[in-house]
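Secondary and tertiary structure notes
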Amino acid sequence: MGVEAHATNERVTGRRWTVRLDPVGRGRADVRVSCSRPACAAQVLPSAADGRTAAIAHLKAHLRAGPAPRSSAQCACRAEECHTHIRPAGPRERPVPWRCGGAVVLAVITDREGRWWQVMECCSRCAAAHPTAKVVATAPAAEAPARGDGFRADAPAPATPGGPAATTPTFSAISPHFSHSATATTTATGTAVPQQASAPRSAARSAPRSARPTRKRPPRGRIAQRLVPHDLRPVALRDELTELGELFRAYQARTEPDLAVLADLHARKAEAFNAWAEVTADTGLRLDARRAEQAAATARLQHLHRIGQAPDGEGPAVVRLLTAPAQWNHARAVLAHVAENAPLPGAEARLLVVMVTLRTAQSGVGNLVGQDIKGLPLQDPEHLLGQLVESGWLGISGTVEELIASRPESPTRISVPSLTPDEDDPGPFTFGRKLRPKLSGWAQRVVGEKKLRKGKTGADVRLLALALATGADCEGLLGSGGEGIGLDALSSWCCVDPADLPDLVDRLTAADWLAEADVTDTLLTGRLTERVLPLGCPLT
């Protein structure tokens with residue numbers, strides 16, 4: 001220890017400075033390298049990798065040119081009431097107020113992302129408390145002071161890299177790696193450079209603990225991966241952004257969506273981001289506000305479609321039984337599966353298989369009552385059920401007669417082995433348990449539609465109604481783009497000869513299902529009537 005320090009018994013505060021790597025602006029690749037030392041001017045580099053190289057070189061220059069750590073220096077982080085100090089191991093080890101313990105060292109501390117590097121003159125215990133600290137120099141051993149000046153006469157002298165005879169500080173022979181070893185790579189010049197560039201908008205997220213002020217600040221708000229600045233003015237805007245971030249996170253935690261609430265949140269976000277952009281002149285914020293406006297309009301339109309209301313200036317919307325495109329596609333998938341895997345020929349067998357498949361589609365098992373069978377236009381339902389059981393496609397818990405006589409309070413358990421999932425085969429359908437009854441109810445509404453029942457239409461007409469309900473667009477025009485549906489596909493699905501299709505089309509027209517229908521040699525064109533549009537599954 002120097003003579004002057006002995007004479008005055010005063011301690012000097014340990015040195016500390018920081019080299020930072022910050023983004024220049026949102027959406028830009030160039031970065032700014034700055035040093036907290038007053039004489040160092042900031043410099044702008046074209047990329048994060050170049051910025052790190054320059055920052056590390058700047059820091060090494062300071063370490064080479066700067067003085068060695070002083071044994072009489074007060075611990076820098078201890079002076080700021082750092083909470084990472086390691087307490088003495090035993091009650092007899094009472095460190096002096098200006099030092100935690102160990103020799104004074106010059107340590108380099110960095111964050112794992114490589115966004116800042118801090119040099120700190122502190123005691124060795126404080127350096128050991130920081131997981132990323134690298135000691136680059138150690139103060140020489142000091143002479144034991146007189147009793148009463150804070151040292152213990154019997155305390156061992158701190159070790160130095162040069163051994164007991166060393167009188168000058170020694171720097172590490174290996175250049176310190178100022179970034180975490182898992183994210184650093186070495187350039188041709190030996191400079192440690194992290195492999196991945198940090199995200200510009202999170203460059204200011206981490207700061208060294210010792211550089212933070214002791215005054216407690218309120219928690220910072222976060223919205224759309226952005227931190228709301230503490231000093232943002234007006235305060236009402238800062239509070240609105242913070243509240244919106246919490247509301248968006250709460251909405252994401254909901255079990256059921258509410259598009260009306262989501263549209264309002266996006267509208268508030270657009271207004272708040274526009275105000276934020278005016279305050280900060282940030283073009284990125286203005287673009288985010290525009291995207292929020294578009295999201296609000298989309299969510300509001302989807303909400304109106306779901307509740308059956310029309311947007312302003314448009315005609316009345318169709319209130320559909322199945323409301324989402326995914327449900328429409330699942331309905332078409334069930335009909336396609338039945339067409340390929342029907343165990344019996346004929347329109348009546350095909351219609352019965354459709355209804356039974358929808359009852360057991362999700363797990364391969366379901367319940368059936370006599371009214372479900374009697375409501376279908378089948379001439380001999382007992383014979384058809386018996387054939388399905390004999391073929392092995394259908395299994396029932398009792399006899400066919402018991403199934404026909406069963407009532408809703410005591411339904412009959414049925415199973416379809418080909419639809420039962422197992423470890424190797426999850427089954428032909430991917431929809432969930434909640435959607436299955438919706439699809440089954442939709443098919444029953446189509447097949448049992450009032451005018452079809454009053455007209456005493458057969459199974460072939462009702463199969464055609466199912467096909468047209470899933471083969472029209474949003475406006476009811478048959479086929480994609482209103483181009484019509486092929487007669488071959490319709491005759492195969494309805495299990496009839498193509499020459500019989502015009503008669504089926506006439507019966508649907510008489511039942512007010514079809515309008516402007518026209519049957520050519522290859523196509524059926526026309527449109528569904530307004531009355532049956534709610535039963536449709538539009539082509540998307």
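To be clear, the structure that these remarks concern was listed above.
Residues numbered from 1 in each chain as written. Predicted model: local features only at pLDDT ≥ 70, side-chain atom pairs only at ≥ 80, totals over all residues. Heavy atoms only, no water.

Here we come to the pattern of salt bridges. Evaluation of the coordinates by the stated rule reveals 18 salt bridges. In this structure, Arg115 engages Asp111 in a salt bridge whose closest nitrogen and oxygen atoms are separated by 3.1 Å. A single burial state applies to Arg115 and to Asp111, both of which are buried. For Glu516, the salt bridge goes to Arg527, with nearest N and O atoms at 3.3 Å. Residue Glu516 is found in strand β17 (residues 514–519), and its partner Arg527 is found in strand β18 (residues 523–528); the two are separated by 11 residues along the sequence. One salt-bridge network, held together by shared partners, links Glu449, Lys451, Asp512 and Arg531. (Salt bridge = Lys/Arg side-chain N within 4 Å of Asp/Glu carboxyl O. Buried < 20%, exposed > 50% of the residue type's maximum accessible area, 1.4 Å probe, protein only. Helix = DSSP H or I, 4+ residues; strand = E, 2+ residues; numbered from the N terminus.)

The first and last C-alpha atoms of helix α2 (residues 48–65) sit 26 Å apart over 18 residues, in line with the 26 Å expected at 1.5 Å per residue. Within the sequence span of α2, burial applies to Ala48, Gly51, Arg52, Ala54, Ala55, Ile56, Leu59, Lys60, His62 and Leu63. (Expected span 1.5 Å × (residues − 1).)

We now examine the pairing of β17. As defined by bridge partners, β17 adjoins β18 across four bridges and the pair is classed as antiparallel. Bridging from a neighbouring strand, Ala515 pairs with Arg527 of β18. What sits between β17 and β18 in their antiparallel hairpin is a turn of three residues. (Pairing = 2+ DSSP bridges.)

We now examine the sheet that holds strand β14 (residues 395–396). Here we have three strands laid out as an open sheet, ordered β13-β15-β14, and antiparallel in their pairing. Edge positions in the sheet fall to β13 (365–368) and β14, since each has one partner strand and no second. The pairing of β14 with strand β15 (residues 412–415) spans two bridges and is antiparallel. Among the inter-strand pairings, Ile396 is bridged to a residue of β15, identified as Ile414.

This part covers the packing of helix α9 (residues 347–360) against helix α15 (residues 459–469). Where α9 contacts α15, the axes come no closer than 8 Å and their chain directions differ by 50°. Considering their axes alone, α9 and α15 lie oblique with respect to each other. In terms of crossing hand, the pair formed by α9 and α15 is left-handed. Only Ala459, Asp460, Leu463 and Leu466 of α15 make contact with α9, whose side of the interface consists of Ala347, Glu348, Arg350, Leu351 and Val354. When grouped by side-chain class, the residues that make up the contact of α9 with α15 number six nonpolar, no polar and three charged. (Axes fitted to C-alpha atoms, helices over the stretch in contact; angles between N-to-C directions. Parallel < 35°, antiparallel > 145°, perpendicular 65-115°, else oblique. Left-handed = near helix turned anticlockwise from the far one by under 90°. Contact = heavy atoms within 4.5 Å. Nonpolar A, V, L, I, M, F, W, Y, C, P; charged D, E, K, R; others polar.)

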